[in-house]
Amino acid sequence: MRVLFDVNILLDLLSDERAEQFPFSVEAFTLAQLNNDTMFISSSSLDNLEFILFSQVKKNNPTFTNKDCFSVARLAIKDLLTKFEVAKTPGYLDLDYDDIEDSQIIGSAITSRALVLTRDEGMMKKYPKHTMSPREFINLDRSKDVKFLDLLNINLKDSLEIDKVIDEVINSGWYIQGSCCKQFEKNFANYCGTKHCIGVANGLDALILILRAYQELGIMSAGDEVIVPANTYIASILAISANNMTPVLVEPDIKNYLIDVNKVEAAITSKTKAIMVVHLYGQITPMEQIWQLAKKYNLKIIEDSAQSHGAYYQDKRSGNLSDASGFSFYPGKNLGAIGDGGAVTTNDAQLDYTIRALANYGSEVKYKNMYKGINSRLDELQAAILDVKLGKLDGDTEKRRVIAKMYREQITNPKIILPKVELGENSHVWHVFVVRTANREAFQKYLADNSIGTVIHYPTPPHKQEAYKELSHLNLPVSEQIHREVISLPISPVQTIEQTQYVIDIVNKY
């Protein structure tokens with residue numbers, strides 16, 4: 001939770017006499033610390049706070065010089081700021097001239113997506129949607145409203161760093177193919193363990209460009225076949241179709257929802273040129289057998305790593321297990337932009353060169369076009385934001401793993417089939433926590449009635465979509481069962497232990 005402390009509450013914390021008089025202020029502060037809430041002071045309050053503290057010190061210590069009084073006041077504020085962040089007062093604020101100070105505090109709270117904690121009854125009456133008393137804060141029940149994915153708070157937890165880089169990009173005057181994108185490409189390549197990373201507009205483009213580059217290099221052609229899991233998100237298959245190639249759907253393993261590696265070889269024909277593995281839901285595909293088949297039949301391996309940022313297979317991360325990998329930075333991904341974004345990682349310098357040109361209108365040098373390319377570039381704002389969030393990714397993943405461990409150990413309802421992890425904990429980054437149940441609609445409604453958000457990933461298999469009616473004749477019973485039964489429980493790096501326990505308790509009562 002994000003809480004902005006009004007000056008009156010701050011003063012309660014700084015004075016033993018006031019703390020005794022207003023114990024709920026101190027209790028609210030202690031609770032906020034225990035819950036790891038983000039606590040703010042409005043930038044507009046700092047001068048006022050300094051003046052009040054100066055006056056109190058002067059009153060209690062009449063022999064102190066003004067300089068001494070200001071020094072004591074500033075030390076108190078300095079100590080406060082080790083526990084609080086400063087919320088900016090927006091320049092576009094519509095001031096209320098009846099109470100300028102209150103309107104500035106409310107403006108800071110709105111900008112920071114925080115509630116104002118105050119004892120000021122006038123402020124609470126005037127701004128009821130944005131204020132709360134210490135007693136109300138203490139009595140809040142935080143566990144019984146669990147969003148499926150709280151994107152706002154996921155981004156707000158890094159908001160100060162994100163605000164800083166946004167300002168830097170805007171003030172740089174350079175918004176496409178600048179230093180921020182280059183820096184992120186370098187850092188993400190290092191993170192994945194690859195030699196190259198190319199920032200593109202989205203995850204679908206990343207996969208399209210990989211196949212298109214192989215065609216330009218003469219390694220693949222229109223009409224060639226690409227093996228792909230039958231239960232993947234449709235984007236994996238769209239990338240194949242977009243290059244006039246043929247998707248060959250292979251059933252998944254019902255235990256882990258990944259492509260059944262034991263069924264891949266039977267799908268290989270003389271037209272097969274690549275195997276596209278999809279690390280679905282955040283779990284790495286068992287790659288050893290895929291590597292063996294690729295070597296045996298001279299095939300390329302392409303990873304769809306849209307959901308597996310940071311997952312390991314043996315000693316390598318997702319994105320470095322293949323000839324090329326496509327990543328999505330859609331906002332809901334483990335590494336999510338604030339908008340669309342994507343990337344290709346590879347160790348192939350020629351492929352890197354070709355994809356860069358294709359994604360930039362087919363041009364390496366402006367106005368000299370080698371290919372009939374497209375416009376697919378990661379802009380500077382998204383690159384700068386992603387670079388901030390990349391530094392937090394492993395920590396966020398560990399928070400997801402804690403939640404997943406609680407679910408897997410404590411959900412005991414026999415009606416709910418839990419996901420399996422067969423390659424070690426580092427092989428899964430829990431993009432989503434997918435369970436199966438026979439009567440999914442009833443289960444989803446039950447959870448919604450208990451204020452627990454869910455999403456179905458995905459309700460309809462690709463071969464049953466109107467877009468792929470030419471595949472509707474395929475007999476894919478495992479995929480169809482998965483798409484009929486799966487439902488995703490909430491999981492994110494801002495979900496609390498209390499919320500997770502609430503979900504477990506409600507699921508076990510179903």
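Scroll up a little and you will see the structure.
Remember, it's a predicted structure, so these values are computed and weren't measured experimentally.

## Section: the environment of E161
Logical step 1: Of note, E161 is situated in helix α10 (residues 159-172).
Logical step 2: Given a relative accessible area of 40%, E161 falls into the partly exposed group.
Logical step 3: Taking the C-alpha atoms as reference, E161 lies 12 Å from V86; in sequence the two are 75 residues apart.
Logical step 4: Those residues in contact with E161 that lie beyond four places of it in its chain are V388 and K392.
Logical step 5: A polar atom in the side chain of E161 sits 2.6 Å from the side chain of K392.

## A closer look at the pairing of strand β18 (residues 486-489)
Logical step 1: Where burial is concerned, the two faces of β18 agree: the one with V486 and S488 and the one with I487 and L489 are both buried.
Logical step 2: In the sheet, strand β17 (residues 433-436) pairs with β18 via 4 bridges, with the strands oriented antiparallel. Along β18, the bridge assignment pairs V435 with I487.

## Points about the packing of aromatic side chains
Logical step 1: Counted under the stated rule, the structure contains 16 aromatic pairs.
Logical step 2: Centre to centre, the rings of F184 and F188 are 5.5 Å apart; their planes meet at 20°, and the pair counts as stacked. Taken together, the positions of F184 and F188, both in helix α11 (residues 179-192) and 4 residues apart, correspond to about one turn of that helix.
Logical step 3: Residue class for F184 comes out buried when judged on its relative accessible area of 0%.
Logical step 4: F188 gets classed as buried once you look at its relative accessible area, which sits at 0%.
Logical step 5: Considering the side-chain rings of W291 and Y313, the 5.5 Å spacing of their centres and the 80° angle between planes classify their relative orientation as edge-to-face.

## Notes on the nonpolar core
Logical step 1: One finds L211, M276 and I355 to be the most contacted residues of the largest nonpolar core, which totals 34 residues.
Logical step 2: Counting residues per element, the ones that place at least two in this core are β6 (196-200), α12 (203-216), β7 (225-229), α13 (234-242), β9 (272-278) and α15 (349-359).
Logical step 3: Among the elements that line this core, the one with the most residues is α12, at 8 residues.
Logical step 4: With residues near it in sequence (within four places) discarded, M276 still touches L207, L211, V226, I227, V228, P229, S236, I240 and I302.
Logical step 5: Core analysis: the second largest hydrophobic core is formed by 24 residues, M406, I416, W430 and I506 among them.

What counts and what doesn't
- Residues numbered from 1 in each chain as written.
- Predicted model: local features only at pLDDT ≥ 70, side-chain atom pairs only at ≥ 80, totals over all residues.
- Heavy atoms only, no water.
- Helix = DSSP H or I, 4+ residues; strand = E, 2+ residues; numbered from the N terminus.
- Buried < 20%, exposed > 50% of the residue type's maximum accessible area, 1.4 Å probe, protein only.
- Contact = heavy atoms within 4.5 Å.
- Polar contact = N/O pair within 3.5 Å; in protein donor to acceptor, adjacent residues only side chain to side chain.
- Pairing = 2+ DSSP bridges.
- Phe/Tyr/Trp six-rings, centres within 6.5 Å; stacked < 30°, edge-to-face > 60°.
- Core = buried A, V, L, I, M, F, W, Y, C linked by side-chain atoms within 4.5 Å.

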